[in-house]
Amino acid sequence: MSEAKSARRHPFRSLLGLSVRRWCAPVLGMPALAPAEEYLWRRAELGWHEVSKQLLTAAGVRHWFVDTGYVPGPVTSPSGLAELGGGTGHEVVRIEAVAEAVQKTATSPEGLLDKIKAALYVAPAIAFKSIVAYRWGLALPAVQPARAEAVRAATSWLRAKDSPLTDPVLLAWVVHEAARVGADRGLPLQIHTGFGDPDLRLSSSDPDLLTDFLRGAPCQVVLLHCYPFHRNAAYLAHVFDHVHVDLGLTIPFVGVRSAAVLAEVLELAPFDSVLYSSDGNVLPELHYLGAVLWRRAVNALTDAWLAEDALTTADAERLALGILGGNAMRLHRVTP
Amino acid sequence: MSEAKSARRHPFRSLLGLSVRRWCAPVLGMPALAPAEEYLWRRAELGWHEVSKQLLTAAGVRHWFVDTGYVPGPVTSPSGLAELGGGTGHEVVRIEAVAEAVQKTATSPEGLLDKIKAALYVAPAIAFKSIVAYRWGLALPAVQPARAEAVRAATSWLRAKDSPLTDPVLLAWVVHEAARVGADRGLPLQIHTGFGDPDLRLSSSDPDLLTDFLRGAPCQVVLLHCYPFHRNAAYLAHVFDHVHVDLGLTIPFVGVRSAAVLAEVLELAPFDSVLYSSDGNVLPELHYLGAVLWRRAVNALTDAWLAEDALTTADAERLALGILGGNAMRLHRVTP
Amino acid sequence: MSEAKSARRHPFRSLLGLSVRRWCAPVLGMPALAPAEEYLWRRAELGWHEVSKQLLTAAGVRHWFVDTGYVPGPVTSPSGLAELGGGTGHEVVRIEAVAEAVQKTATSPEGLLDKIKAALYVAPAIAFKSIVAYRWGLALPAVQPARAEAVRAATSWLRAKDSPLTDPVLLAWVVHEAARVGADRGLPLQIHTGFGDPDLRLSSSDPDLLTDFLRGAPCQVVLLHCYPFHRNAAYLAHVFDHVHVDLGLTIPFVGVRSAAVLAEVLELAPFDSVLYSSDGNVLPELHYLGAVLWRRAVNALTDAWLAEDALTTADAERLALGILGGNAMRLHRVTP
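Residues numbered from 1 in each chain as written. Chains lettered and ligands numbered in written order. Predicted model: local features only at pLDDT ≥ 70, side-chain atom pairs only at ≥ 80, totals over all residues. Heavy atoms only, no water.

### Quick word on the overall build of chain A
Heads up, the condition is: By the criteria applied, helices consist of DSSP H or I runs no shorter than four residues and strands consist of E runs no shorter than two, each listed in order from the N terminus. Atoms counted for the radius of gyration: C-alpha only. Globule rule: 2.2 Å times the number of residues to the power 0.38. To sort residues, take the accessible area from a 1.4 Å probe on protein chains only and compare it with the maximum for the residue type: under 20% means buried, over 50% means exposed, and anything in between is partly exposed. The contact rule is simple, with two residues in contact once any of their heavy atoms fall within 4.5 Å. Accessible areas in this description were obtained via Shrake-Rupley with a 1.4 Å probe; residue shielding takes into account the shown protein chains only. When charges are tallied, Lys and Arg are placed among the positive residues and Asp and Glu among the negative ones, while His and the ends of the chain are skipped. We put the charge of a Lys on NZ, of an Arg on CZ, of an Asp on CG and of a Glu on CD.
When helices and strands are counted, chain A shows 15 helices and 7 strands. Taking 2.2 N^0.38 as the reference for a compact globule, 336 residues should give roughly 20 Å; the C-alpha atoms of chain A span a radius of gyration of 21 Å, in line with that estimate. Here the C-alpha coordinates of chain A stretch approximately 60 × 50 × 45 Å along the principal axes. Here chain A, with 336 residues, has 60% of them falling under the buried criterion. Look at the contacts in chain A between residues 6 or more apart in sequence, and 71% of them connect residues 24 or more apart. If you sum the accessible surface of chain A, you get close to 12,700 Å²; carbon and sulfur atoms cover 57% of it. Distance between charge centres in chain A, computed from 31 positive and 34 negative side chains, equals 4 Å.

### Regarding the nonpolar core
Selection criterion: The term nonpolar core refers to a set of buried residues drawn from Ala, Val, Leu, Ile, Met, Phe, Trp, Tyr and Cys, joined through side-chain atoms within 4.5 Å.
Of all hydrophobic cores here, the largest spans 350 residues; its most connected members are A:Phe128, A:Phe213, B:Phe128, B:Leu189, B:Phe213, C:Phe128 and C:Phe213. Those residues within four positions of B:Leu189 in sequence are excluded, and the remaining contacts are B:Ile95, B:Phe128, B:Lys129, B:Ser130, B:Val175, B:Ala178, B:Ala179, B:Phe213, B:Cys219, B:Gln220, B:Val221 and B:Val222.

### Comments concerning the interface of chain A and chain C
Which entries qualify depends on this criterion: When two parts are brought into contact, each loses some accessible area as probed by a 1.4 Å sphere; the total of that loss over both is the buried area. Here a salt bridge means any side-chain nitrogen of Lys or Arg lying within 4 Å of a carboxyl oxygen belonging to Asp or Glu. Identification of polar contacts relies on pairs of N or O atoms within 3.5 Å, with a donor-acceptor requirement for protein atoms, meaning one able to donate a hydrogen and the other able to accept it, and with residues adjacent in sequence counted only if both atoms are side-chain atoms.
Of the residues lining the interface, 32 residues belong to chain A; the matching set on chain C comes to 39 residues. Between chain A and chain C, a total of about 3,300 Å² is buried, with carbon and sulfur atoms accounting for 50% of that surface. If you look at where chain A meets chain C, you find 7 salt bridges. Of the charged contacts, one joins C:Glu267 and A:Arg257 as a salt bridge, the two residues approaching to 2.8 Å between their closest N and O atoms. For the pair chain A and chain C, the number of links is 18 residue pairs in polar contact (both at pLDDT 80 or more). Put simply, the parts of the chain that give the side of chain A that touches chain C at least two residues each are α1 (3-6), α2 (15-27), α12 (250-254) and α13 (258-266) of chain A. Per element, the largest residue contribution to the side of chain A that touches chain C is 4 residues, and it comes from α2(A).

### Quick notes on the pattern of salt bridges
In total, this model carries 54 salt bridges over all chains according to the counting rule given. Residue C:Arg231 is joined to A:Glu264 by a salt bridge in which the shortest nitrogen-to-oxygen separation is 2.9 Å. Pair noted here: C:Arg231 is in helix α11 (residues 230-239) and A:Glu264 is in helix α13, and the two residues belong to different chains. The shortest N-O distance in the salt bridge between C:Arg13 and B:Asp272 comes to 3.0 Å. Of this pair, C:Arg13 sits in the loop between α1 (3-6) and α2 (15-27) while B:Asp272 sits in the loop between α13 (258-266) and β7 (274-275), which puts the two residues in different chains. Given a relative accessible area of 16%, B:Asp272 falls into the buried group. Overlapping salt bridges, with partners in common, bring together A:Arg231, A:Glu267, B:Arg257 and B:Glu264 in one network.

### Some thoughts on the relation of the copies chain A and chain B
Quick note on the threshold: Least squares is the method for superposing the copies, and the C-alpha atoms it fits come from residues with pLDDT of at least 70 in both.
Between chain A and chain B, the superposition needs a rotation of 120 degrees and an axial shift of 0.0 Å, giving an RMSD of 0.0 Å. In short, the pair behaves as if placed about a three-fold rotation axis. Identified as the residue of chain A closest to the rotation axis by C-alpha distance is A:Ala260, at 5.8 Å.

### Side note on the sheet that holds strand β4 (residues 189-193) of chain C
Selection rule: Strands qualify as paired when DSSP identifies two bridges or more between them.
As summarised here, the arrangement of the 7 strands in space is β1-β2-β3-β4-β5-β6-β7 (chain C), forming an open sheet in which the pairing is parallel. Both edges of this open sheet fall to β1 (63-67) and β7 (274-275) of chain C, since each of them pairs with a single strand only.

### Things to note about the side chain of A:Ser52
All names here are of chain A. Residue position: Ser 52 is located in helix α3 (residues 36-59). The class of Ser 52 is buried, set by a relative accessible area of 3%. Ignoring any residue separated from it by four or fewer positions in sequence, one finds Ser 52 in contact with Thr 57, Leu 84 and Pro 284.

### Description of the interface of chain A and chain B
Much of the literature gives interface size as the accessible area that the parts lose upon coming together. Contacts between chain A and chain B engage 39 residues on the former and 32 residues on the latter. Taken over both partners, the interface formed by chain A and chain B buries close to 3,300 Å², and the fraction arising from carbon and sulfur atoms is 50%. Three residues stand out in chain A for area buried against chain B, namely A:Tyr235, A:Asp241 and A:Glu267, and they jointly supply 20% of the buried area on that side. Here chain A is connected to chain B by 18 residue pairs in polar contact (both at pLDDT 80 or more). Of all the elements in the fold, those that place two or more residues in the side of chain A that touches chain B are α10 (211-216), α11 (230-239), β6 (243-246), α13 and α15 (313-331) of chain A. With 6 residues, the top contributor of residues to the side of chain A that touches chain B is α11(A).

### A short note on the relation of the copies chain A and chain C
Mapping chain A onto chain C leaves a residual RMSD of 0.0 Å; the transformation is a rotation of 120 degrees accompanied by 0.0 Å of translation along its axis. Each copy contacts the other with its own distinct surface, as only 3% of the interface residues of chain A are interface residues in chain C too.

### Here we look at the environment of B:Phe253
Among the secondary structure elements, B:Phe253 is positioned in helix α12 (residues 250-254). Not counting residues within four places of it along the chain, the set of residues in contact with B:Phe253 comprises A:His238, A:Glu267, A:Leu268, B:Leu15, B:Leu16, B:Phe195 and B:Leu286.

### Some remarks on the state of the cysteines
Definition in use: A pair of cysteine sulfur atoms is labelled a disulfide when the two atoms are within 2.5 Å.
Counted under the stated rule, the structure contains 0 disulfides over all chains. Looking at the unpaired C:Cys219, the closest cysteine sulfur is the one in C:Cys226, lying at 16 Å.

### Some remarks on the pairing of strand β4 (residues 189-193) of chain B
Residues and elements named next belong to chain B. By the criterion of burial, β4 is predominantly enclosed, with 5 of the 5 residues buried. Here β4 shows two buried faces, one formed by Leu 189, Ile 191 and Thr 193 and the other by Gln 190 and His 192. Examined bridge by bridge, strand β3 (residues 127-130) and β4 share 3 bridges and lie parallel to one another. By the bridge assignment for β4, Ser 130 is matched with Ile 191. Strand direction decides the pairing type here: β4 and strand β5 (residues 221-225), joined by 5 bridges, are parallel. Directly across from Gln 190, in β5, lies its bridge partner Val 222.

### Looking at the confidence of the model for chain A
Defined as follows: As a per-residue measure, pLDDT tells how confident the predictor is, with possible values from 0 to 100.
Residues with a pLDDT of 70 or more make up 96% of chain A, whose mean pLDDT is 93. Scored by ipTM, the complex comes to 0.95, with pTM at 0.96.

### Here we look at the packing of aromatic side chains
Residues and elements named next belong to chain A. Our working definition: Side-chain rings of Phe, Tyr and Trp, where Trp is taken by its six-membered ring, are said to pair if the distance between their centres is within 6.5 Å; with planes under 30 degrees apart they count as stacked, over 60 as edge-to-face, and otherwise as tilted. The rule for a charge over a ring is simple: NZ of Lys or CZ of Arg within 6 Å of the ring centre, and within 35 degrees of the ring normal.
Tallying each qualifying case throughout the model produces 12 aromatic pairs over all chains. An angle of 85 degrees between the planes, with centres 5.8 Å apart, marks the rings of Tyr 276 and Trp 294 as edge-to-face. One end of the pair, Tyr 276, is in the loop between β7 (274-275) and α14 (284-307); the other, Trp 294, is in helix α14, with 18 residues separating them in the sequence. By the burial criterion, Tyr 276 is buried, and Trp 294 matches it. Here a set of aromatic residues connected by ring pairs shows up, and it is made of Phe 195, Tyr 227 and Phe 253. Above the plane of the ring of Trp 23 lies Arg 22, whose end atom (NZ or CZ) is 3.9 Å from the centre.

### Some points on the pairing of strand β6 (residues 243-246) of chain C
All names here are of chain C. What counts, and what does not: A clockwise path from the first strand over the helix to the second, with the strands pointing away from the viewer, defines a right-handed crossover.
Because side chains alternate across β6, one face comprises the buried residues Val 243 and Val 245, and the other comprises His 244 and Asp 246, equally buried. Pairing geometry for strand β5 (residues 221-225) and β6, over 3 bridges, is parallel. Its bridge partner lying in β6, Leu 223 is registered against Val 245. The parallel pair β5 and β6, bridged by α11, forms a crossover whose chirality is right-handed. As paired elements, β6 and β7 share 2 bridges and run parallel to each other. For Val 245, the partnering residue across the bridge sits in β7 and is Val 274.

Below, the structure is given as structure tokens:
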């Protein structure tokens, strides 16, 4: 690989970088838009614990829904976050991680399937989450693969202990199983769609690929992130009453463009289907930016629409309270 | 299905709902943005005939182009609409409905094909319309399937009397036939693209899939609705002089975002290729909203562009008159 | 083809047409927004040489990067452009044209492959460019086709002397070869993506199709044009440090919408990855519009973001200088 190719870009020269300097710097005691170098210096000076505490507290989040399948550790546990930022922690259980944990000890394919089901029933979850977009893509079949097919796939998987779950038949079986258990337990199923880490192929993450699955899904479904397919996601929320749209990850990254992107979602998405989240991970900055930028986006849109007489102040307030927390709390059955 | 899943969303909590309260309420004698419950109560009080009359008249439409294949009935007939709203009614003939009507009485596959062609020649149409996006998708072949293939497909279809036309070979044959008859008769072919009812798969309705068909199409073609693929549709109107773009259905639904969506279309679409329509159906509100919101969108854009010196007032007027009626009238050969 | 179908649209009734009248007319001594007929009359009066000279000079471009594979002739040669417009000319070498030139004289498939490689090593290029989107589409394989496969494809191609290069195996072999030679020589590989001439199929030109190729590409890659897939292109520049985005062609065409489209790119694209270019071809107007509209777009965005306190004036200046020339000069190793 040539030297030129391996040159890394300056991580602050992007809308995300500007947002960090604009919004996070004051929380850490610097002027807004302090230079990147000063920000990093100050961050190191304070230490991760203090930085996390200040940024998470400033987010003003009362309920942390945390996917525990990503980077296990003290900071990302729901209770750890709640301890740092205040409020209550809730666990979002990644179903592929459940299956992979079970695989380590399963001794037969039938046992593997049964134990996955049992583990989904007892997982201490406020919601399930699937990252099948990373493993295979979102073109899930309309109906669950037959047991015999799943057993065949499980037999292969068991031969390679500790390997990640990538078989499409088994992934489809697990997602359908989680949807059924979720319906039974009253838990929504969150599905990663749209952009993310570099190992994802964008075209495999278009939520439109979920259409067949969504038609038959027995549980509530949340389409996470969605960008740049957020209009497709909004369409799905428009035609299916059990589909919801979350722009976590998107809003912190697009920064000053948050209102523009949210406006595109609201073109078709019912107001009650849109959910705030930050998708904060690794960096506490993302949690704080999510909170600030979502609020600013919702306020910018409702202000502009009020100026056009497109809605009343009562409408605006209901819309804001719903998107900024009420919709997610109702869907996940959290009491205020 | 769980109780949660079957919960219906409040139909007014969307940009469409806000537009109904903002624009239709005053027509029916209420204040702008009257609460949804009052709107529904008032609507019931007035009765469908009076509501339709007031909203359709307020639309100020002089020529109603009505697709008679959707919900047959007194309100949706072209003359019925014209009687309620003033002006003149014109019939848009749905070609799949023509084929299905002929199938009921056809006795041989050859006869079926010949009768479809004959029916297209005599149909009292101002335009043809295809909903092949709902039946198979828009990936039509570049050339018409051979007669022998069509006969084979017709043979199968005739065995199931009164079944809808879903065979891809026969659908392609019918669309190509309508394009040829349309060219002969000087009738445009309107094609549903983009979003619509829940039985549609979004990715099968991308107008880009029509590229091969459009290259060889002998008639004028109107891409209807288009959202969220409206930029793709605009590109097709940009490269093909016989392709036009209509944002009916889209504009009423996206409400306060109408100008934003129309602006995206005008990035590439020639000004003379963009056609106003409401795609009003079932609810007279949609007809009125189409009329109001298209006008507001065009005015908002031309005002903003005039403020930037991007065009002259004469340019703005020609653009507005074209999009808001002139382009559609010229294309459909309606005299003012 | 019916008379109606063959009717050509008025070329000035589009955002591009408005921009020509708005920005090019004053350069040629007319008032802004002079009528199209007067513009064309004045253009004819001045003659192509004078028109080109005035518009190219007004563009204020110091380094002309010119793809010499499109329309060979005096105006489009890099030195010809530089003579007319001032500054220095640099050649962008179209790799399919290189292969086709070699094919005319090659006598064996092995010789053809070797000579293509040799020609790429000696071509007087500041960058390579591929138009594989027009020939096959962008779904390139992750690794170069094996030599034996390429030899087989070359054998077939040699049988049809002077035919264009359309074989997918050979196209993929040539693009991978150019990437390797480009890495060796320090030359970026520019790839046409998104819209263009009517012989292109939009869906085959989505830069997302390049994902596998980009993962392994050893050289810097510039995604050209990108529209309407510019958000996909920006995503690729976001995840791959060696991928850059150029909105040439797009910006001149979308005119008054330039800032809106550029804003969508900047949602994810790192600021250092976005490159100004005009993609001017045939018409000198496109060069001038590129220069004017890119500057206006960047200024409009930075002004709006400054008003929101989203960045400092120093940030705005660096962003503008980078996008409007610095990023392209650094990438192509041109000294100011």
